[in-house]
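Letter by letter, the chains look like this.
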Amino acid sequence: MSGDPAVVVESPPPPDVPRVRSGAHRGRSLIRRWVLLGIATVGFGLAALVVAVAIGAAAGVSATLLGLVAAIIPLGIVVPTFMWLDRFEAEPTRYLVMAFLWGALIAVLIAMTLNTAGQLVLRGSIPDQDSLQLTAVFVAPVVEEIAKGAFIVLVWLFAKREFDGVTDGMVYAGVTAAGFAFTENIQYLALAWAEHGRDGLTATFVGRCLLSPFAHPMFTICTGIGIGIAATSRMGWKRWLAPLAGLIIAVVAHAIWNVAAVSGGEGLIAVYLLIEVPLFLSFVGFAVWVRRREGQLIGQFLYPYADAGWLSPAEVEMLASMPRRREARQWARMNGGREALRSMEDFQDTASELALLRRRMHHSAADARALSDERDLLAALVARRHDFSGQVV
């Protein structure tokens with residue numbers, strides 16, 4: 001088999017012969033997985049307990065439960081948006097769950113602690129109301145955006161093979177921020193009910209859950225874009241500057257929104273109409289462009305494999321287009337049932353992962369296991385094609 005010399009051309013292992021791993025290696029991997037799962041469960045559990053106690057102590061148990069129910073509603077709008085953005089190369093579910101929990105618990109705890117500390121420092125020299133407003137404008141945006149962005153950095157540093165660029169940065173940022181907004185909404189809704197009853201709850205729900213459900217995600221996405229640029233950059237200065245620039249933009253956007261919130265009245269309406277609405281529309285347009293661009297990149301980096309004979313040109317065109325992917329899945333299901341559909345989905349996911357791995361290799365952003373991973377993905381690609389082609393009648 002011949003083609004682009006950058007593409008692995010060795011014959012893949014037969015699809016029905018899985019790679020054998022030693023029992024000791026499997027045992028260590030299993031132990032490590034369970035240890036990490038245990039640490040994460042305990043950590044998130046303790047954080048959830050602390051957050052629940054803090055909100056319950058301030059607003060009461062019944063108000064907190066009411067806030068919890070109301071805060072779930074905007075998640076039905078925000079989270080599916082980022083799942084839509086994540087369709088070409090879906091991130092592992094466990095990472096997305098961890099992103100949400102980090103935002104909802106760890107980032108919230110960091111923000112609660114440092115925002116309170118900042119307000120106490122300011123309260124020593126200025127009135128309480130002024131210290132609250134200054135904390136909201138100058139302390140909270142910095143603390144909260146760093147706390148949310150920290151998870152994206154952790155994924156980039158410790159799970160490089162699951163971080164392929166701007167799209168992944170946006171997805172992890174959006175899900176993390178959705179978790180943060182969820183817990184923050186519980187707090188604000190609960191306090192509104194406890195202090196002002198139904199009218200307060202209604203006004204808070206409309207303002208936070210209906211009119212600005214994407215506020216936190218839009219801020220943190222700026223950080224995610226910066227980290228995504230760094231993940232596919234060859235230049236060392238850009239790998240530092242892009243995340244920092246993204247964080248600064250996130251903090252400034254967050255601070256402007258908080259200025260409007262504390263000023264209230266006409267100031268809030270003006271900022272909402274003149275800044276937040278155009279920003280949201282820009283975010284929607286950029287998300288559509290990013291999703292389309294990811295399809296183009298998948299096609300671009302899969303064509304060398306077609307030249308080498310691993311894929312056909314028709315398969316590359318299908319894999320680079322979401323409508324054609326859907327058509328292929330429908331064809332597989334109609335002609336081969338659920339098993340063929342599952343094999344086709346796996347074929348598409350594997351091809352996307354292969355293309356984005358090739359992209360990281362092209363940008364010298366892949367790790368030392370890239371060639372081995374490439375061979376494994378090519379073998380999996382052949383196996384999945386064999387599965388659905390053998391099931392279709």
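Keep in mind that what you see is a predicted model, and the values were worked out from it rather than measured.

## Describing the pattern of salt bridges
Tallying each qualifying case throughout the model produces 9 salt bridges. One salt bridge in this structure joins Arg384 and Asp387, with 2.9 Å as the shortest N-O distance. Of this pair, Arg384 and Asp387 both sit in helix α11 (residues 370-391), 3 residues apart, which is roughly one turn of that helix. For Arg384, a relative accessible area of 22% gives the class partly exposed.

## Regarding a positive patch on the surface
Together, Arg28, Arg32, Arg33 and Arg94 make up a positively charged patch on the protein surface. With 3 residues, helix α1 (residues 23-59) is the single largest residue contributor to the positive patch. Position of Arg32 relative to the elements: it lies in helix α1. Among the residues examined, Arg32 registers a relative accessible area of 47% and is labelled partly exposed.

## Here we look at the confidence of the model for the protein
Of all residues in the protein, 92% have pLDDT values of 70 or greater, and the mean over the chain is 89. The low-confidence segment residues 1-22 (pLDDT under 50) makes 36 contacts with residues lying over four places distant or belonging to another chain.

## Considering the nonpolar core
Counting 54 residues, the largest nonpolar core has Phe82, Phe163 and Tyr172 as its most contacted members. Looking at this core, the elements that each hand over two or more residues are α1, α2 (61-85), α3 (93-123), α4 (128-158), α5 (166-210), α6 (215-231) and α8 (265-307). Examining the composition of this core, we find that 14 residues originate from one element, α5, more than from any other. Setting aside residues up to four positions removed in sequence, Tyr172 forms contacts with Glu91, Pro92, Tyr95, Leu96, Ala99, Phe151, Ile152, Val155, Glu162 and Phe163. Leu297, Phe301, Ala370 and Leu377 belong to the second largest nonpolar core, which has 28 residues in total.

## Brief notes about α8
Given 3.6 residues per turn, any residue in an α-helix points the same way as the ones three and four places further on. Spanning 43 residues, α8 covers 62 Å between terminal C-alpha atoms, matching the ideal 63 Å at 1.5 Å per step. Along α8, the largest kink reaches about 40 degrees and is centred on Tyr272. Following α8 by one or two positions, Gly309 has its phi on the positive side, about 95 degrees.

Rules used in this analysis
Residues numbered from 1 in each chain as written. Predicted model: local features only at pLDDT ≥ 70, side-chain atom pairs only at ≥ 80, totals over all residues. Heavy atoms only, no water. Salt bridge = Lys/Arg side-chain N within 4 Å of Asp/Glu carboxyl O. Helix = DSSP H or I, 4+ residues; strand = E, 2+ residues; numbered from the N terminus. Buried < 20%, exposed > 50% of the residue type's maximum accessible area, 1.4 Å probe, protein only. Patch = residues over 30% accessible without salt bridge, like charges linked within 9 Å, V, L, I, M, F, W, Y side chains within 5 Å. Areas by Shrake-Rupley, 256 points an atom, 1.4 Å probe, with all protein chains shown as cover. Lys, Arg positive; Asp, Glu negative; His and termini not counted. Charge placed at Lys NZ, Arg CZ, Asp CG, Glu CD. pLDDT = per-residue confidence, 0-100. Contact = heavy atoms within 4.5 Å. Core = buried A, V, L, I, M, F, W, Y, C linked by side-chain atoms within 4.5 Å. Expected span 1.5 Å × (residues − 1). Bend = angle between axes of the 7 residues up to and from the residue.

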